[in-house]
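What the coordinates show
Chain by chain, the residues:
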Amino acid sequence: MEFNELERQRIEKLKKLREAGVEPYPPRAYRTHTTQAAVEAFVAAEHSGNVPPTVTVSGRLISIRVMGKVAFAHIEDESGKLQLFIRQDEVGDESYTLFKKAFDIGDFVEAGGPVVRTRTGEISVQVKVLRMLAKAITPLPIPKEYEDAAGHLTRYSAFSDIEERYRQRYADLAVNPQVREDFRIRSRMISALRAWLDDHGYLEVETPILQPLYGGAAARPFTTYHNQLKQDLYLRISFELYLKRLLVGMYERVYEIGRDFRNEGVSFKHNPEFTQLEFYCAYTDLFGIMETVEQLIAYTVERVLGTATIAYQGHEITFTPPWQRRTLREVILTHSGIDYVAFPDADALRAEMRRRGYDTASNATWGHLVDNLLSAAEPTIIQPTFIREYPIDISPLAKQKPDDPTHVERFELFVGGMEMGNAFTELNDPLEQEQRFYQQGRDYEAGDEEAQPMDEDYLRALKYGMPPNGGFGLGIDRLAMLLTDHRSIRDVLLYPHLRSRD
RNA sequence: GGCCCGCUAGCUCAAAUGGUAGAGCAGGGGACUCUUAAUCCCUUGGUUACAGGUUCGAGUCCUGUGCGGGUCACCA
């Protein structure tokens, strides 16, 4: 380890503590109250006229104000903050000197004594015993704060360098309470999703992450290798094909929450690994899934934030059902002026798009061109909106519309200008599915690296019969972005992927 | 991957046109027995991301590299 000057000074303090017979990393803490519980116990005693409680509280030192033979400090634990009132004549000369000379902001400490109000009225622990729990070597960038009479909090020089916050998330969390809160919201959100699904007859299952064959989405996979088996394996890009096999096995409602891995570019809304919820429900279709999704997400938002209306990047978004239902054709026509069904092949559509100023790749398939048109409209769709009826070319696992075999029963959910989820009336005709895989194979040969490979075992499952059903996939990270009002997916991932240094 | 922007002390930021690299906080020394951005006096701290180049002289200009941010493309 290399140490800078500040760290060397603190290592000297370590020695000073040990020379005084104080172990700077003792094995145990003896907390009797969280800071919040200490305050509550004090307030209760004050109301009932009882003697104030004596407590032992533990936490990180976040401020120190020494005034000669008396000092004030604040400690913070997960429940909140509490002031320590330390008097030399209460803790003793030796302990007080050690506090002044060897304790720093950032250290974990423990303080025991009665809870009192100081002259300014702040509830504090009148410290009788002060212990070091864990000495910090590296100074934490804990900001100074000022709270005015109106309760408005100003933070000075808060740790805000984006790259360092992501690389040293532990420090970010330690000094930025709002970041801690964002990840609590994310956690509560996942709990709420799970609770709703559990309450509605869905069985939570786990399917393979290491797969001999990937599929279920249009994406390039990560590859890996099993040494003993001498076998190439892929990290899954979706759960879809494994979950639908379970419907063949007579489960009617299944879901999985877990990680997908896609080998593609990173951006403010893409991380190489991300969390997905997928569920499948037998004996329903696209339209049944829409109602389920409305209920599921409205319940989740309400339970996590206490309201169905949220603020997101300056927009007000309301999740109260029913949500808008539009067709892909109408959305694209409205946004771009192009009625894509009038241009049924790639060359014609590309020519029309270029005529209207779109920059299109000359090797893009017709389906991808349609997708590009949708992408252009995407940022304008703020309120929760189901966009349905997709071209069959880009939907190899969805069932065709009975009255229009060029399109499938598929919707994507958009909120806040982002795609949040994707759903189909699932294709359960094994012969048709085989043809779709063949077409994907031809697309792959033609240069589409995201085309899905033939999955013989999945077809074997379908041949046993799969009930009609609808399925849905939800980007958990993106929903978390909405609920925490963050524009970047990295702010809702504890450890977003970053290129390594050196 | 293309283009644009950024990288200066532990943290947050300054440094006209190229001319001795600074401040606040944190840290160190001192004063102070009710403070809360405590206050007051003194003070340490830098390979300016890295490597080259131009120049008498580069944090500043040029080239390259790394990392990050934004944007476009790719991509759900």
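Residues numbered from 1 in each chain as written. Chains lettered and ligands numbered in written order. Predicted model: local features only at pLDDT ≥ 70, side-chain atom pairs only at ≥ 80, totals over all residues. Heavy atoms only, no water.

**Let's talk about the packing of aromatic side chains**
Applicable threshold: Ring pairs shown here join Phe, Tyr and Trp side chains whose ring centres sit within 6.5 Å, with only the six-membered ring taken for Trp; geometry is labelled stacked below 30 degrees between planes, edge-to-face above 60, and tilted in between. The numbering of helices and of strands both runs from the N terminus, where a helix is a DSSP run of H or I of at least 4 residues and a strand a run of E of at least 2. Per-residue accessibility, obtained with a 1.4 Å probe over protein chains only, is compared with the maximum for each type, and a residue is labelled buried under 20%, exposed over 50%, and partly exposed between these values. Placement of a positive charge over a ring is assigned whenever Lys NZ or Arg CZ falls within 6 Å of the ring centre and within 35 degrees of the normal to the ring plane.
In this structure the tally under the stated criterion is 10 aromatic pairs. Between Tyr214 and Tyr234, the aromatic rings sit 4.9 Å apart at their centres with planes inclined by 65 degrees, giving edge-to-face as the arrangement. Taken together, the residues span a long stretch of sequence, with Tyr214 in the loop between strand S10 (210-211) and strand S11 (223-226) and Tyr234 in strand S12 (residues 231-235) at a distance of 20 residues. Look at Tyr214 and you get buried, because its relative accessible area is 9%. An aromatic cluster is defined as three or more aromatic residues linked by ring pairs; in this entry it consists of Tyr202, Phe279, Phe319, Trp323, Phe386, Phe411 and Phe472. We note Arg245 situated over the ring of Tyr242; from NZ or CZ to the ring centre the distance is 4.7 Å.

**Points about helix H1 (residues 5-19)**
Cut-off, in case you're wondering: Take the residue count of a helix, subtract one, and multiply by 1.5 Å to get its expected span. In this description, one arc is meant: the one made by directions from the helix axis to the C-beta atoms. By the convention used here, residues are in contact when the closest approach between their heavy atoms is within 4.5 Å. Polar contacts, as used here, are pairs of N or O atoms within 3.5 Å; protein pairs need one atom able to donate a hydrogen and one able to accept it. Residues neighboring in sequence count only if both atoms are side-chain atoms.
The end-to-end C-alpha distance of H1, which contains 15 residues, comes to 21 Å, matching closely the 21 Å that a straight helix rising 1.5 Å per residue would cover. When H1 is considered as a whole, its buried residues turn out to be Glu7, Arg10, Lys13, Leu14 and Leu17. Down the axis, H1 shows its buried residues gathered within 110 degrees of arc, on one side only. Facing away from the buried side of H1 by more than 90 degrees, the exposed set consists of Glu5 and Glu19. Residues of H1 that are buried make contact with helix H4 (93-102) and strand S6 (129-134). If you check the start of H1, you find a side-chain oxygen 3.0 Å away from the backbone N of Leu6, and it comes from Asn4. One or two residues past the end of H1 sits Gly21, with phi positive at roughly 85 degrees.

**Remarks on the protein's contact with RNA strand B**
Note the threshold: Neighbouring residues are identified by heavy atoms, a residue being near a molecule or strand if any of them is within 4 Å of it. Three categories are distinguished: nonpolar for Ala, Val, Leu, Ile, Met, Phe, Trp, Tyr, Cys and Pro, charged for Asp, Glu, Lys and Arg, and polar for the others, with Gly belonging to the last.
RNA strand B sits among 56 residues. The nearest are Gln9, Thr120, Glu163, Ala218 and Glu412. At the protein interface, 62% of the atoms of RNA strand B within 4 Å belong to sugar or phosphate. Arg65 is positioned such that a nitrogen or oxygen atom in its side chain is 2.9 Å from a base oxygen of RNA strand B. Measuring from a phosphate oxygen of RNA strand B, one finds a side-chain N or O atom of Lys144 at 2.6 Å. Counting only elements with at least two residues in the surface near RNA strand B, the list comes to H1, strand S1 (54-67), strand S2 (70-77), strand S3 (80-87), strand S7 (144-147), helix H5 (162-167), helix H12 (366-377) and strand S20 (404-415). Among the elements that line the surface near RNA strand B, the one with the most residues is H1, at 4 residues. Class assignment of the residues belonging to the surface near RNA strand B gives a composition of 18 nonpolar, 12 polar and 26 charged.

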